[in-house]
Amino acid sequence: MLPSQARTARRSALTALGALVLAGLPSAAAADPTPAAGTVPSAAQTLGADRPSPHLLAALQRDLGLNSEQASQRLVNEAEAGTLAGRLRNALGDRFAGAWVRGETSKELTVATTDEKDVPAIEAQGATATVVARTLADLGAAKQKLDAAATRVSTLDTPVWYVDVPKNRIMVQATSQAAGSAFVEAAGLEGEDVGIRMTTERPRLLRDITGGDAFYINDSARCSVGFSVTRGEQAGFATAGHCGRPGATTTGYDRTAQGSFLASVFPGKDMAWVATNDQWTPTPDVKAQNGQEVQVTGSAQALVGASVCRSGSTSGWHCGTIEQHDTSVSYAEGRVDGLTRTTVCAEPGDSGGPFVAGAQAQGVTSGGSGDCAGGGTTFFQPVNPILRDLGLTLVTAAAQTTPDQQDDGTQAWTAGRVYEAGTTVTRDGVQYQCLQTHQAQGAWAPAGTPALWQRR
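Remember, it's a predicted structure, so these values are computed and weren't measured experimentally. (Residues numbered from 1 in each chain as written. Predicted model: local features only at pLDDT ≥ 70, side-chain atom pairs only at ≥ 80, totals over all residues. Heavy atoms only, no water.)

Re the state of the cysteines
A complete count under the given rule lists three disulfides for this structure. The residue that forms a disulfide with cysteine 223 is cysteine 243, at a sulfur-sulfur distance of 2.1 Å. One quick way to see it: the torsion about the S-S bond of cysteine 223 and cysteine 243 is about -95°, and its sign makes the bridge left-handed. Of the two residues, cysteine 223 sits in strand 9 (residues 221-223) while cysteine 243 sits in the loop between strand 11 (234-239) and strand 12 (249-251), which places them 20 residues apart along the sequence. Since its relative accessible area comes to 0%, cysteine 223 is described here as buried. Disulfide pairing places cysteine 345 opposite cysteine 372 at an S-S distance of 2.1 Å. On the sign convention where negative means left-handed, the S-S torsion of about 100° between cysteine 345 and cysteine 372 marks this disulfide as right-handed. Here cysteine 372 lies in the loop between strand 21 (360-371) and strand 22 (375-382) and cysteine 345 lies in the loop between strand 19 (334-342) and strand 20 (354-357), a separation of 27 residues in the sequence. Since its relative accessible area comes to 10%, cysteine 345 is described here as buried. Owing to a relative accessible area of 24%, cysteine 372 belongs among the partly exposed residues under this scheme. Cysteine pairing in the protein chain follows 1-2, 3-4, 5-6, where each cysteine in a disulfide is numbered by its order in the sequence. (Disulfide = S-S within 2.5 Å. Helix = DSSP H or I, 4+ residues; strand = E, 2+ residues; numbered from the N terminus. Buried < 20%, exposed > 50% of the residue type's maximum accessible area, 1.4 Å probe, protein only.)

See the structure below:
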């Protein structure tokens, strides 16, 4: 998003599958009883995937080679697959090894498990099952060893490492086999299934000092606005941490006074937020193309393989797919963990701009390699950690309500809190388990959003 300019045959099958009981899994929890027809929205309806902006559809068609019908169907399939994957994740428990979508319209959802006995039950839900050697938790633990090693050794020649969920392995991007092997050895992972991918690409931070429709830091550097947010009564926007330090002043696209950075984290993470003055009104809009906007309705995290689009003040509106979550990147200026890797292109000056999947906020542009003439790889800082760590609330187009009365106890569901997939909460005396990582909206209470919560 650019600065706020003064304000502003599979679909039905997947929908039905999301409400089925996972009866065949040894540790499965039953899904909520199927409500009366028409009383509870589908995942696609909850997440706004059934009513996409025409500008989002146009960009998906251009960048992913789809027609209008395929682009629309892909968004619906991805929304429904995210909910189904969440239910299967909760049922599989510590045997879960990841989930992803693939195909032109994301028609195929694959769920990985470490126990072949789970295969029939996964397939009964309409997903493709695959049996792998390591759980997602095991892969995460292995990546943490690389993260720890990166604090002791140079990663100049091993600038990227991540969990490759579809391949059930850790991947290291290195400038040479020797550099990659040395990093793996330093992490204590020698002899384990760690892939090394040789490349000459070195990710860079996407900032610039050129004019454009953007915001400016201390009247010099330029970045892109991410998402409108609030903290209490204070309005502002989220952006990349490397764009500015706390206290740095900002001016808007029109060079008028805008605000200042109240918090900024970089390296380690790449997140910040700017508090704006009363001349700038927060909106749920993300700038698409030809001066049009896409409206954000929430922050449900998309699966690996899902389509994602990005807006930036240099290169504009471009789309691609999510390749991996939890990626570590070593820029020349420092290392950042927990980024998401995508096939979307970007260029200097696009830093801080928003990534969206359908109508769901995903993150803000951090850095990458390549450009939008020849293509490239771009990493984004996920938005939910920004909201959680900095105490921010995403401004959305979803119906907003006053905060509901909460149940007593530490597990009570609370609007504005970021919930990770698998988290258990209590609401009106009933326990629910989170299906997709998201920030709870006032209109997204568990009982009315089976796309995001499963009754235990």
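What about the pairing of strand 25 (residues 424-427)?
Taken together, the four bridges between strand 25 and strand 26 (residues 430-434) define a ladder with antiparallel strand orientation. Along strand 26, the bridge assignment pairs valine 425 with tyrosine 432. Connecting the antiparallel pair strand 25 and strand 26 is a turn made up of two residues, with aspartate 428 showing a positive phi of about 55°. (Pairing = 2+ DSSP bridges.)

Here we look at the environment of valine 163
Relative to the assigned elements, valine 163 resides in strand 4 (residues 160-164). For valine 163, a relative accessible area of 6% puts it in the buried group. On a C-alpha basis, the gap between valine 163 and glutamine 324 in space is 6.8 Å, while along the polypeptide they are 161 residues apart. If we skip the residues at most four places from it in the chain, valine 163 touches Leu139, Gly140, Lys143, Arg169, Ile170, Gln324, His325 and Asp326. (Contact = heavy atoms within 4.5 Å.)

Brief notes about empty space enclosed by the protein
Taken as a whole, the largest cavity holds about 160 Å³ of empty space. Forming the boundary of the largest cavity are 16 residues, of which Leu47, Glu78, Ala79, Ala357 and Gln360 lie nearest the centre. Elements that contribute at least two residues to the lining of the largest cavity include exactly helix 4 (68-92) and strand 21. When residues in the lining of the largest cavity are grouped by element, the largest group, four residues, is from helix 4. Taken together, the residues of the lining of the largest cavity break down into nine nonpolar, six polar and one charged. (1 Å grid on protein atoms, 1.4 Å probe; cavity = no way out; pocket = protein on both sides within 12 Å on 5 of 7 lines; lining within 4 Å. Points joined across faces, edges and corners; volume = space filled by probe spheres on them. Nonpolar A, V, L, I, M, F, W, Y, C, P; charged D, E, K, R; others polar.)

Examining helix 4
Taking 1.5 Å as the rise per residue, helix 4 with 25 residues should run 36 Å; its terminal C-alpha atoms sit 36 Å apart, in good agreement. Within helix 4, 19 of the 25 residues are buried, which leaves it mostly tucked inside the rest of the structure. (Expected span 1.5 Å × (residues − 1).)

Some details on the layout of surface pockets
One water molecule sets the probe size; rolling that probe over the atoms shows where empty space is left. Size it by volume and the largest pocket reaches roughly 1100 Å³. When residues of the lining of the largest pocket are assigned to their parent elements, the largest contribution, six residues, is made by helix 6 (residues 136-149). Residues belonging to the lining of the largest pocket are distributed by class as follows: 15 nonpolar, 17 polar and nine charged.

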